[in-house]
Amino acid sequence: MNPTDYEYLRKLLKDHSGLDLSADKQYLIESRLLPLSRKCGVSGIGELVQKMRGGSSLIIAQVVEAMTTNETFFFRDKVPFEHFRDTIMPEMLKARAGRRSIRIWCAAGSTGQEPYSLAMSLKEMDAVLAGWRVEIIATDLSTEVLEKSKSGIYSQFEVQRGLPIQLLVKYFKQNGELWQINPELRAMVQHRQLNLLHDFSQLGVFDIIFCRNVLIYFDQDTKINIFGRLAKAMEGDGFLVLGAAETVVGLTDVFKPFPDRRGLYRPNGARAASPQAAMSMPKIAAMAGR
Ligand SMILES: C[S@@+](CC[C@H](N)C(=O)[O-])C[C@H]1O[C@@H](n2cnc3c(N)ncnc32)[C@H](O)[C@@H]1O
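Peer 1: Tell me about the site of the ligand, and name the residues and values.
Peer 2: Among the 20 residues in the neighbourhood of the ligand, the closest are listed as Thr-72, Ala-108, Asp-140, Arg-212 and Asn-213. Side-chain polar atom of Glu-114 to a nitrogen atom of the ligand: 3.0 Å apart, as the coordinates give it. Within the shell around the ligand, the residues separate by chemical class into 6 nonpolar, 9 polar and 5 charged.

Peer 1: Describe in detail the sheet that holds strand E2 (residues 133-140), supporting the description with residues and values.
Peer 2: With mixed pairing, 7 strands are arranged side by side in an open sheet as E6-E2-E1-E7-E8-E10-E9. Edge positions in the sheet fall to strand E6 (189-193) and strand E9 (255-257), since each of these pairs with one other strand and no more. In this sheet, neighbouring strand axes are inclined to one another by 25 degrees on average, regardless of whether the strands run parallel or antiparallel. Along the sheet, helix H11 (residues 220-232) makes contact with strand E1 (101-106), strand E7 (206-211), strand E8 (234-242) and E9, crossing E8 at roughly 135 degrees.

Peer 1: So what's going on with H11? Residues and values would help.
Peer 2: Taking 1.5 Å of rise per residue, 13 residues should cover 18 Å, and H11 covers 19 Å from first to last C-alpha, within 8% of that figure. Along H11, the residues classified as buried are Thr-222, Ile-226, Phe-227, Arg-229, Leu-230 and Ala-231. Tucked into the core, H11 has its buried residues touching E1, E7, E8 and E9.

Peer 1: Just give me the short version of the domain arrangement of the chain, but keep the residues and values in it.
Peer 2: Along its sequence, the chain is organised into domain 1 (3-67) and domain 2 (79-149 + 189-280). Taken over C-alpha atoms, the centre of domain 1 sits 31 Å from the centre of domain 2. Every contact between the two is made by 9 residues of domain 1 and, on the other side, 9 residues of domain 2. Roughly 720 Å² of surface becomes buried between domain 1 and domain 2 when both sides are summed, with 48% attributable to carbon and sulfur atoms. The tally of links between domain 1 and domain 2 comes to 1 salt bridge. Where Lys-14 meets Asp-219, a salt bridge forms, and the shortest distance between an N and an O atom there is 2.8 Å. In this assembly, domain 1 and domain 2 are joined by 5 residue pairs in polar contact (both at pLDDT 80 or more).

Peer 1: Residue-level account of unusual backbone geometry, with values.
Peer 2: Although it is not a glycine, Asp-77 adopts a positive phi angle of roughly 70 degrees. Along the polypeptide, Asp-77 turns up in the loop between helix H4 (57-66) and helix H5 (79-95). Positive phi, normally seen in glycine, also occurs at Arg-100, with a value near 50 degrees. Locating Arg-100 in the fold gives a position in the loop between H5 and E1.

Peer 1: Any details on the packing of aromatic side chains? Residues and values, ideally.
Peer 2: Counting across every chain of the model gives 10 aromatic pairs. Seen from their ring centres, Phe-74 and Tyr-154 are 5.1 Å apart, and the 75 degrees between their planes marks the pair as edge-to-face. Of this pair, Phe-74 sits in the loop between H4 and H5 while Tyr-154 sits in strand E3 (residues 153-155); the two residues are 80 residues apart in sequence, bridging distant segments of the chain. For Phe-74, a relative accessible area of 0% corresponds to the buried category. Relative accessible area serves as the criterion here: at 0%, Tyr-154 is assigned to the buried category. Taking 5.8 Å as the distance between ring centres and 90 degrees as the angle between the ring planes, the aromatic pair formed by Phe-74 and Phe-172 counts as edge-to-face. Here Phe-74 is found in the loop between H4 and H5, whereas its partner Phe-172 is found in strand E4 (residues 172-175), with 98 residues between them in sequence. Aromatic rings pair up to connect Phe-75, Phe-81, Phe-84 and Phe-210 into one cluster. Arg-53 extends its terminal NZ or CZ atom over the ring of Tyr-8, reaching a point 4.3 Å from the ring centre. The ring of Phe-206 has Arg-103 lying over it, and the distance from NZ or CZ to the ring centre is 4.4 Å.

The rules behind each value
Residues numbered from 1 in each chain as written. Predicted model: local features only at pLDDT ≥ 70, side-chain atom pairs only at ≥ 80, totals over all residues. Heavy atoms only, no water. Near = heavy atom within 4 Å. Polar contact = N/O pair within 3.5 Å; in protein donor to acceptor, adjacent residues only side chain to side chain. Nonpolar A, V, L, I, M, F, W, Y, C, P; charged D, E, K, R; others polar. Pairing = 2+ DSSP bridges. Helix = DSSP H or I, 4+ residues; strand = E, 2+ residues; numbered from the N terminus. Axes fitted to C-alpha atoms, helices over the stretch in contact; angles between N-to-C directions. Contact = heavy atoms within 4.5 Å. Expected span 1.5 Å × (residues − 1). Buried < 20%, exposed > 50% of the residue type's maximum accessible area, 1.4 Å probe, protein only. Domains from an automatic or database assignment. Buried area = accessible area lost by both parts, 1.4 Å probe. Salt bridge = Lys/Arg side-chain N within 4 Å of Asp/Glu carboxyl O. Phe/Tyr/Trp six-rings, centres within 6.5 Å; stacked < 30°, edge-to-face > 60°. Lys NZ or Arg CZ within 6 Å of the ring centre and 35° of its normal.

Laid out in structure tokens, this is it:
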């Protein structure tokens, strides 16, 4: 790949998805875009770039998607889901006893293993949640991963990664080589395409935000900007959960670490929780004219 094309792609990816590639990541671009060039029937990355320069928004979108890292698995890193069960939910059950509703946002949900891990965790505490309304909204930049997430269909390999066997048996149905999560669990998760670089205030205000293993790909200014907007999208006593290699420390003070709970953060301001559940997805859909 020639250096001019590489610089063009670096800038385009930064602008469109936040992906911050260092000067030496040609191999990564090649390994992801050569298969795409073949799929698009062009001779190589040079021709792909030519089409992008010519303004092909379809090719641009495909390139941006191809460059996202969608790695995920059920109950990834385990500890955040223990925090969810043992710290976040008990606090929320107390704090939201008045309105009996909780809004959860999975901000880069990829192929669904993370939002469905949360749905299963909630199902496991069904008894204490009787009469509560809990929303899980899974968003991602990539429409391809969202389609898979919506289908709730996983391979044998995928269900063997992180998913306890008793939860597999309880919540999935086998169909040949594939497993599909049951309709009740699927209905607990709403999906929406969303780029974290863009305004997300229309989603409303959340009690819990999982934003894991995505900010790691962004530069400092982008992370600071997103943290600022995440804080505004969260109740004053809400919880933010980040990935194992991510932190707010040294970047911003809009969130503060929760003591003794790695990866868990709370807003630093003293905004009281709103008396009613914030805007729900049906209202958002209505606003969007759908
Ligand atoms: C490595 S996966 C993490 C999935 C899950 N959160 C986890 O921790 O297992 C990162 C996800 O972030 C998405 N992503 C990348 N850039 C994004 C952006 N600018 N806005 C929203 N999602 C983005 C990718 O499409 C991908 O599905």
